[in-house]
Amino acid sequence: MTPGAPCIEWADCAEGEFCEPTLGQCLPQPPGVSLCEYKPPVGPLTPALEWSWTESAIFPAYRQVINMPVVVDLDHDAIPDVVIVTSTGFSEAGFAYLRALNGSDGVEKWDAAAGVYADANRVQPRVTPAAADIDGDGHVEIVTGKAGGGLIAFEHDGAMKWVSTQADGVTPWTAGLASATVAIADLEGDGSPEIVVGGAIFDAAGKLRSSGGALFGSNNGGYGAVSIVADLDGAMPQEVVSGKRALRADGSIYWDAPALADGYPAIADLDLDGSPELVIVSAGFVRIQSPTTGAVLAQIDMPGSGDAGPPTIADFDADGFPEIASANGNAYSVYDYTSNPAPALSVRWQSPTQDQSSFRTGSSVFDFQGDGAAEVVYNDECYFRVYGGDDGAILYEEPNSSATIHEYPVVADVDGDNNTEVVLAANDANHLGGSPSCPYGANGARHGVYVYGDAGDNWVRTRRVWNQHAYHITNVNGDGTVPSPEPPSWIPPAGLNNYRQSSQGAGVFNAPDLQVSLEASLAGCPSSVLLRAFVQNQGSLGVGPGVKVRFYRGNDAQGTLLGEATTAGPLLPGQYELVTMSYAVTPADQVMSFHVEVDKDDQGQGSLNECLEDNNGASLGGVLCDVAQ
């Protein structure tokens, strides 16, 4: 087959193609009859800690992490990085430092001389950053809140890029940002992204274009602006959206609903009629609104207390229709929506939680086992939990403390190994002071960043990027560039009709099928036999170099281990590699037999998930060699 365009992930490929990770290029998706797939077994989730970051030699007191981590590849080394805001406390009047961690081990990327550590470049502790290539230089930039007000942008290497200004490009724009989130999108589709925080729109150089207010998109009007960008009517440019107002790209009002309390928005086609609905969480209610008028179509009082956090949208029960989820002060709930015979919302399930700090914690979604029913990924003041999307059963629980804003765990391939991880932010400054209080006590609280992967690498693969709080797959390309124009997130094939869900795209179940054949060269007789193993990939996914090939004297793997070799290069579907090992013939050898196994350790376990695991060995008997006397 002829490789197609370069790719980082499935979204870079055309329909009917998948991204071959070993090659980094698009390949045609094999037809069903010849498709080799591995689907993870349905069973208990078994997360294992892969790495953590809890301290630094640079400003060591600044180790509290309360904002959502950002995952993006800063330096094009094929390994994503984790960008975090680190502080000592959580006052918006205080200051913090931006840090970048290597996604494979948590080692800090920037040294003490980086611009992020200059006093003038300190950041706001309660603003969630966004990252993307905003200037077209081929590298990702990071935009976040500046200590004292306004925005500040950094280059991929931690150097300061710009500080936000008024429209004149000179006067600093220093509006206070109370627990806001930054979003990056190309509003007009002209190739130059804009930066959005609340209702303020900036160009790629940080100059204010228009301002709809710093609290635009906050829940109930006073805390934590989480506005989103979407094309509400199918006619570019895109709009900036809150719970009570939508702005055009030039800052003018598209629609206004002044009687409504503002809230946190998300967007999806809930009833699959081809047109999206706005989902708003506001003042303890979930509302469904028209995207083009803001009119309320349905609403429901949320179980529990508090204003509640930003919504997620996903298919939680594998019925083909998306559902809605959100958390408030003491409950996490999932809601069904129906448009016929009349628009209505109902509670599918609820589960008790604890968030008496912000009452607004966010969440994310991922289908860990690829069965079509997404799981909820959530962290309150005390615990990280994974809930079954269909019924709310707790599938996994891990102590992880947070004083909470509207942060949530991030699901991404954070180390570039084609396996999925979960990235947790943690903080314990308030817990050590006695509030919040968790069942495990102050001594059980923790701070920093914790990355978990599946102990058996069975979680379905996903993207290597999660670049902002209002993440919805189509908002960012795999290399950190901004789509121009951005495809609607609710229209396939680019959009998967969800919001704040990590993705599974074409080829997600593709798997290798390593097979091996064995022959012996007698050219070295009578002193030696050269064993020749032909390792071939008959599957639908490539494998990297370093696959183990183990040779035995005997009829099977119970024989005497002669040695172990590894493949030298990648094996794409259909490719093979010759791996050899020399056997020194002894006087006791008469008729000999040999065995070889590929991708097996000394316990017979493989490191790769294959569609077939019972064809990894081959035997060769009746080998005769004139033995030297």
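Residues numbered from 1 in each chain as written. Predicted model: local features only at pLDDT ≥ 70, side-chain atom pairs only at ≥ 80, totals over all residues. Heavy atoms only, no water.

Moving on, we come to the domain arrangement of the protein. Domain annotation for the protein reports domain 1 (1–36), domain 2 (47–454) and domain 3 (514–624). When each unit is reduced to the centre of its C-alpha atoms, the spacing between domain 1 and domain 2 is 31 Å. (Domains from an automatic or database assignment.)

Because side chains alternate across strand 12 (residues 194–197), one face comprises the buried residues Glu 194 and Val 196, and the other comprises Ile 195 and Val 197, equally buried. Bridge analysis of strand 11 (residues 182–185) against strand 12 gives four bridges, and the strand direction is antiparallel. Among the inter-strand pairings, Ile 184 is bridged to a residue of strand 12, identified as Ile 195. Relative to strand 13 (residues 200–202), strand 12 is paired through three bridges, and the arrangement is antiparallel. Across the sheet, Val 196 pairs through a bridge with Ile 201, a residue of strand 13. (Buried < 20%, exposed > 50% of the residue type's maximum accessible area, 1.4 Å probe, protein only. Helix = DSSP H or I, 4+ residues; strand = E, 2+ residues; numbered from the N terminus. Pairing = 2+ DSSP bridges.)

Counted according to the given criterion, the structure contains 21 salt bridges. We note a salt bridge from Arg 463 to Glu 9, for which the minimum N-O separation is 2.4 Å. Remark: Glu 9 occurs in the segment before strand 1 (17–20) and Arg 463 occurs in the loop between strand 33 (448–454) and strand 34 (514–521); sequence separation between them is 454 residues. Of the charged contacts, one joins Lys 109 and Asp 81 as a salt bridge, the two residues approaching to 3.1 Å between their closest N and O atoms. Note that Lys 109 is positioned in the loop between strand 6 (97–102) and strand 7 (130–132) and Asp 81 in strand 5 (residues 81–86), a separation of 28 residues in sequence. Among the residues examined, Lys 109 registers a relative accessible area of 26% and is labelled partly exposed. (Salt bridge = Lys/Arg side-chain N within 4 Å of Asp/Glu carboxyl O.)

So, about the side chain of Gln 369. With respect to the element layout, Gln 369 can be found in the loop between strand 27 (363–366) and strand 28 (375–379). Using a relative accessible area of 12% as the deciding quantity, one classes Gln 369 as buried. A polar atom in the side chain of Gln 369 sits 2.8 Å from the backbone oxygen of Gly 43. With near-sequence residues (within four places) excluded, Gln 369 lies in contact with Pro 40, Pro 41, Val 42, Gly 43, Leu 45, Glu 375, Val 460 and Phe 509. (Polar contact = N/O pair within 3.5 Å; in protein donor to acceptor, adjacent residues only side chain to side chain. Contact = heavy atoms within 4.5 Å.)

A few words on the nonpolar core. Membership of the largest hydrophobic core comes to 43 residues, with the highest contact counts inside it found for Leu 98, Trp 110 and Val 449. Ala 257, Val 279, Ile 280 and Ile 324 belong to the second largest nonpolar core, which has 31 residues in total. (Core = buried A, V, L, I, M, F, W, Y, C linked by side-chain atoms within 4.5 Å.)

The subject of this paragraph is the sheet that holds strand 28. With antiparallel pairing, the four strands of this open sheet are ordered in space as 27-28-29-30. Where the open sheet ends on each side, the last strands, each with one partner, are strand 27 and strand 30 (394–399). Going from strand to strand, the sheet's axes swing by 15 degrees on average, the running direction of each strand aside. (Axes fitted to C-alpha atoms, helices over the stretch in contact; angles between N-to-C directions.)

The residue Ser 357 is located in the loop between strand 26 (344–352) and strand 27 in this model. Excluding residues that lie within four positions of it along the chain, Ser 357 makes contacts with Glu 381, Ala 403, Thr 404 and Pro 436. A polar contact of 3.0 Å, which involves the side chain of Ser 357, links it to the backbone oxygen of Ala 403.

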